[in-house]
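What follows is each chain in one-letter form.
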Amino acid sequence: MKTIDQLLRPNIKGLKPYSSARDEFTGDASVFLDANENPFNQPYNRYPDPYQRKVKNKISELKGIEAERIFLGNGSDEPIDLLFRAFCEPGVDNVVSIDPSYGMYQVAADINNVEVRKVLLTDNFELDVEALFATSDDNSKLLFICSPNNPTGNCFAEKDIVSLIQGFDGIVVLDEAYIDFAPEKSLLKRIDEFPNLVILQTFSKAWGMAGIRLGMAFASAEITSILSNIKYPYNINILTQEKALELLDNEKDKLYWVERLLAERQVLADALEKMSFVQKVYPSDANYLLIRVNDAKAIYQFLVDKKIIVRDRSSVSLCTGCLRITIGQPAENSLLLEALSLYAQK
Ligand SMILES: *Cc1c(COP(=O)(O)O)cnc(C)c1O
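Quick look at the structure, then. (Residues numbered from 1 in each chain as written. Predicted model: local features only at pLDDT ≥ 70, side-chain atom pairs only at ≥ 80, totals over all residues. Heavy atoms only, no water.)

**Digging into the pairing of strand β9 (residues 288–293)**
As a reminder of what qualifies: The buried label goes to any residue with under 20% of its type's maximum accessible area, the exposed label to any with over 50%, and the partly exposed label to all in between, with areas taken from a 1.4 Å probe on protein chains only. Only DSSP runs of H or I reaching four residues or more are called helices, and only runs of E reaching two or more are called strands; each is numbered from the N terminus. At least two bridges found by DSSP between two strands is the condition for calling them paired.
Among the six residues in β9, five count as buried, and that is most of the element. Summarising the sheet, strand β8 (residues 278–281) and β9 pair through three bridges and their orientation is antiparallel. Looking across to β9, one finds that V281 is bridged to I291. What sits between β8 and β9 in their antiparallel hairpin is a turn of six residues. Both β9 and strand β11 (residues 322–326) contribute to a ladder of five bridges, which runs antiparallel.

As structure tokens, then:
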């Protein structure tokens, strides 16, 4: 197996990161005249903590993982992009991804001029472990797995994910953006076992904070320090750090939202099953349902005319005829069901 150092791009290996005023002096002081900040308009006059120590300490407590194993980014988008920039030589290296999956891996790859080799899931949306290995070569630096997978909604078998982590000669990026809806399936508790594993989680879904842009990457201290060295020095602003601290003290809110959304998901799934034009409601471990319908485009447009927006996934691999529906508030879900009943009567 290649070491992290062997996987790293040469320019990153030799990089001397930007050293900010807040890097050079850490500790208690009362007069800060080192960063050319305006002394007025406190507290927003100050640059934020570049390492987000307080936020990481709280996440560390909450998740039972050392703070040095946590990287925080401007959404999950940031660590996704940084992983490309750290490990993939443009025009030379490639990454492997499952298909269908989250669209951002391809976009980040395109921006970084890195080839994505996509491997179809099986017909029942499981990982094709053999095909994923067969597609990888010596230049495959990252392997993206999203579980629960967007848009299919299912978690993959732990033994398949573990086989991939153990057999892939590069870094496996396991995107657990929706894992709060199926917490028992997280691999975070096993992260110490795998030096080539990066797990992504986010505040954008179950935590109800897509607007503050805060994503987490969990990995070995070696990997998190590489990401830290190449990020913008002050990537998480003060408002986001403050809001995150407040939020982390209220995990019970998140747990309550998850419980309600799971109950609503069941109500919605049961109602959809009974509709004449619904061929299949796929099982979901997330806060959305993928359904296969008779005429996805017509239904999508009918709903738009009723000012209800779902996601048309009918042109995505293995998802012909499929719509993806996010679980909303009970009143919103009722409006959706009413509109779909009208469609059925057309
Ligand atoms: C929504 C989503 C994210 C979250 O991205 P953020 O940048 O953290 O908002 C990450 N991965 C997947 C698969 C998603 O669906």
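On we go from here.
**Remarks on the sheet that holds strand β10 (residues 311–312)**
What counts here: Whether two residues are in contact is decided by their heavy atoms: any pair within 4.5 Å suffices. Inter-axis angles, ranging from 0 to 180 degrees, are taken between N-to-C directions of lines fitted to C-alpha atoms, where helices are fitted over the stretch in contact.
Reading across from one edge, β8-β9-β11-β10 is the order of the four strands in this open sheet, with antiparallel pairing throughout. The sheet terminates laterally at β8 and β10, the two strands that pair on one side only. Relative to the sheet, helix α12 (residues 296–305) contacts β9, β10 and β11, its axis offset from that of β11 by approximately 35°.

**Points about the packing of aromatic side chains**
The description of an aromatic ring pair uses the distance of the two centres, along with the angle that the planes make with each other. Note the cut-off: What counts as a ring pair is set by centres within 6.5 Å for rings of Phe, Tyr and Trp (its six-membered ring), and what kind of pair is set by the plane angle: stacked under 30 degrees, edge-to-face over 60, tilted for all other angles.
What the rule picks out here adds up to nine aromatic pairs. Ring centres of Y178 and Y288 lie 5.0 Å apart, and the angle between their planes is 80°; this geometry places the pair in the edge-to-face category. Highlighted residues: Y178 in the loop between β5 (171–175) and β6 (197–202) and Y288 in strand β9, separated in sequence by 110 residues. The class for Y288 is buried, based on a relative accessible area of 2%.

**Here's the deal with the packing of helix α4 (residues 53–63) against helix α10 (residues 238–248)**
Each pair of packed helices can be summarised by the angle the axes make with each other and by the distance between the axes. The following threshold applies: Small angles under 35 degrees read as roughly parallel and large ones over 145 as roughly antiparallel, with 65 to 115 read as roughly perpendicular and the rest as oblique. The hand of a helix crossing depends on one turn: near helix anticlockwise from the far one by less than a right angle means left-handed, and clockwise means right-handed. Note on residue categories: nonpolar means Ala, Val, Leu, Ile, Met, Phe, Trp, Tyr, Cys or Pro, charged means Asp, Glu, Lys or Arg, and polar means any other residue, Gly included.
Between α4 and α10, the least distance of the axes is 9 Å, while the angle of their chain directions is 25°. One finds that α4 runs roughly parallel with respect to α10. Both α4 and α10 take part in a crossing whose hand is left-handed. Seen from α4, the contacting residues are K54, V55, K58, I59 and L62; seen from α10, they are Q241, A244, L245 and L248. In terms of residue class, the contact of α4 with α10 is made up of six nonpolar, one polar and two charged.

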